[in-house]
Amino acid sequence: MNSRVYIWNFLFLFVVYPNCGICQNLFLEDCFEGGVTVAGRTSLGILDGIFTVNWDEDKVLRSAHLLTYRYGRPSPKFIILNSSEYQWNPSSQFGNELPDQIFVEHFAVNILDITENVDIGIGTINVKMDGYDPALGIPNQGWWSACLVLTYVNNDAPNESTCLRIYTADQSQMIEQNYEIQSIPFQVSTDVGFSIYSDRVGWNSDDDSVIGINQNLVGIIGGADATNPGFIGGVRGHFYYENGELFGLDDDVPNNTVGGSDGIAVINEYLTDTPTQNIFISAVELPAGYNPHPAFFITYTPDCPDMVLGDMPRQLSYCAGGSAQLQAIEGYDRYHWMPGHLVSDSTIANPLCLADSSMWLRVHMYNDADGGACSQTIPVFVTVHDLPRPEQLNILPSTCPGNSGRLQALNIAGTAPYWHILNAQGQSAATFNNMAPGAYPYSITSAAGCVWDTIVTIPLLPPHEAAFTPIPPGGYSPLDIVFRNNSTNASGYQWL
């Protein structure tokens, strides 16, 4: 009990950060006509099981994002949702890597855009994932847990406007976390939904986590979701939101509190008429070991007279050394691309992306103070494909007139399969045989369409020239003769 009073004192003393406008941990604020559903499951190294989302055959998918968090710096690992396979890797990290976790040194949130190949079925999600990576001998290093976020349009049902915000952790998980967010322009007759994505939160009262909004206690979560194995499976608020109302899934209840394994709440009564709102999330006892809170979600029905609805490409790809044009939603007064140094102009709707590696970018779109439109923040995942540059070219000289030269490309970067063109001759194999001496244009094209080219020279293997001088040149038998060797380009001899 003392630990809970201890954290309650912190709740009323937390720091209000300066107005940050758009905080760096706002991954997405997406406004559209339709609904959203969120659910997930823990792993703890044995994530094989199921969870459910609100889905049926009348729904059309708008977007799908998959979230996880990592401890340490594990190698890439795969996760399978139903029949679709995805890979966690460093390029999917969003936000800062936090350096102060117990035993593991690093914590970060990773997000994948899986809209193009997600398999939802009838709403049951089968999950297979073993993210544990003990290669460096660091306890708990790995990719842990999974949280799936879907937005959709109902074909045969009403589709009122909905906004979804996804905030990710950008503060140490070992201290009280205080987040200042922009106020929520919601219609007063509709629900503002809150959902927490946590993990490794046990039943023990010392292992709970407290959640507060604007100096109000929303509740204390702990235990495991109904869909999770074990008693420390953590709490993910499973829900769907559409037409102004929050609905719970599994063991989550859409009332005005969170508690135990119930990780959702209707938070209208906690919000204030101020430019910003404060969210408090923390383990009850500090330091608390592993009590990660990778993300939280807010859903609402917007109250914006001049709502700007639209869509934009959310994935972009090009080859290393190049660039591509980004496209924001048209109709806003202001645009702010982040990180700004990776675009040609961070203040316009359609700048060139100049990133030299795969990563997340975001655009914050908003109107001037009197514009009356809800702002939006949309993430774009930029994939920068490697050029198919070989690590080594093995070249064998050619004899003449035998044409015995050879070219072989080894350890090619980029995406297989590759197409090789040498002197206008194309093939999939990386080896060219029976080549005559000369210089040849050579190019490799990867499956991603990236091209690397060079000029390859096949040298001539010089012909052998036999030249021997007998000393003496003649005489009577028996005669001892020494041959002076003046031959060139010969390394072996056989006398007959």
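Residues numbered from 1 in each chain as written. Predicted model: local features only at pLDDT ≥ 70, side-chain atom pairs only at ≥ 80, totals over all residues. Heavy atoms only, no water.

Inspection of the secondary structure assignment puts Gly 72 in the loop between strand S4 (59-71) and strand S5 (77-81). Residue classification places Gly 72 among the buried positions, given a relative accessible area of 1%. Through-space distance from the C-alpha of Gly 72 to that of Asp 56 is 38 Å; in sequence the pair is 16 residues apart. (Helix = DSSP H or I, 4+ residues; strand = E, 2+ residues; numbered from the N terminus. Buried < 20%, exposed > 50% of the residue type's maximum accessible area, 1.4 Å probe, protein only.)

For the chain, per-residue confidence averages 88 on the pLDDT scale, and 90% of positions sit at 70 or higher. Under a pLDDT of 50 for its full length, residues 1-23 has, in the predicted model, 44 contacts with residues more than four places off or in other chains. (pLDDT = per-residue confidence, 0-100. Contact = heavy atoms within 4.5 Å.)

The next thing to look at is the sheet that holds strand S27 (residues 390-396). Taking strand neighbours across the sheet as the criterion, the three strands line up as S27-S28-S31 in an open arrangement whose pairing is antiparallel. Looking at the sheet topology across the chains shown, the edges are occupied by S27 and strand S31 (431-435). Ignoring strand direction, the axes of neighbouring strands in this sheet form an average angle of 10°. (Pairing = 2+ DSSP bridges. Axes fitted to C-alpha atoms, helices over the stretch in contact; angles between N-to-C directions.)

The final tally for this structure, using the stated rule, is three disulfides. For Cys 31, the disulfide goes to Cys 163, at an S-S distance of 2.1 Å. Residues Cys 31 and Cys 163 are joined by a disulfide whose S-S torsion is about 110°; by sign, that bridge is right-handed. On the criterion of sequence distance, the pair formed by Cys 31 in strand S1 (residues 26-33) and Cys 163 in strand S11 (residues 161-168) is long-range, its members being 132 residues apart. Judged by relative accessible area, which is 0%, Cys 31 ranks as buried. The exposure class of Cys 163 is buried, given its relative accessible area of 0%. Shown here is the disulfide that connects Cys 319 with Cys 450, its sulfur atoms set 2.0 Å apart. Its S-S torsion of about -95° marks the bond between Cys 319 and Cys 450 as left-handed, since a negative value means left-handed. Placement of Cys 319 in strand S21 (residues 315-319) and of Cys 450 in the loop between strand S32 (438-445) and strand S33 (451-458) is noted, with a sequence separation of 131 residues between them. In this structure Cys 147 is a free cysteine whose sulfur lies 19 Å from that of Cys 163, the closest cysteine sulfur available. Overall, the relative accessible area of 1% leaves Cys 147 in the buried class. (Disulfide = S-S within 2.5 Å.)

Moving on: the layout of surface pockets. Roughly 420 Å³ of internal volume is contained in the largest pocket. Those elements that provide at least two residues to the lining of the largest pocket are strand S6 (84-88), strand S8 (107-113) and strand S26 (376-385). A breakdown of the residues in the lining of the largest pocket according to their chemical character gives seven nonpolar, nine polar and three charged. (1 Å grid on protein atoms, 1.4 Å probe; cavity = no way out; pocket = protein on both sides within 12 Å on 5 of 7 lines; lining within 4 Å. Points joined across faces, edges and corners; volume = space filled by probe spheres on them. Nonpolar A, V, L, I, M, F, W, Y, C, P; charged D, E, K, R; others polar.)

Let's shift gears to the packing of aromatic side chains. If you walk through the whole model with that rule in mind, you get 18 aromatic pairs. Between Phe 27 and Phe 94 the ring centres are 4.9 Å apart and the planes differ by 80°, which places this aromatic pair in the edge-to-face class. With Phe 27 in strand S1 and Phe 94 in strand S7 (residues 93-98), this pair connects stretches of sequence that are 67 residues apart. When the ring of Trp 360 is compared with that of Phe 381, the centres are 5.1 Å apart and the planes differ by 70°; the resulting orientation is edge-to-face. Highlighted residues: Trp 360 in strand S25 (residues 359-366) and Phe 381 in strand S26, separated in sequence by 21 residues. (Phe/Tyr/Trp six-rings, centres within 6.5 Å; stacked < 30°, edge-to-face > 60°.)

A separate point is the sheet that holds strand S10 (residues 142-154). The strand order S7-S8-S4-S10-S2-S16-S17 describes an open sheet built from seven strands, whose pairing is antiparallel. Of all the strands in the sheet, the pair left with one neighbour each is S7 and strand S17 (245-248). Recorded for the sheet is a direction-independent mean angle of 15° between the axes of neighbouring strands. Across eleven bridges, the pairing between S4 and S10 is antiparallel. When the sheet's bridge partners are listed, Leu 67 is paired in S10 with Cys 147.

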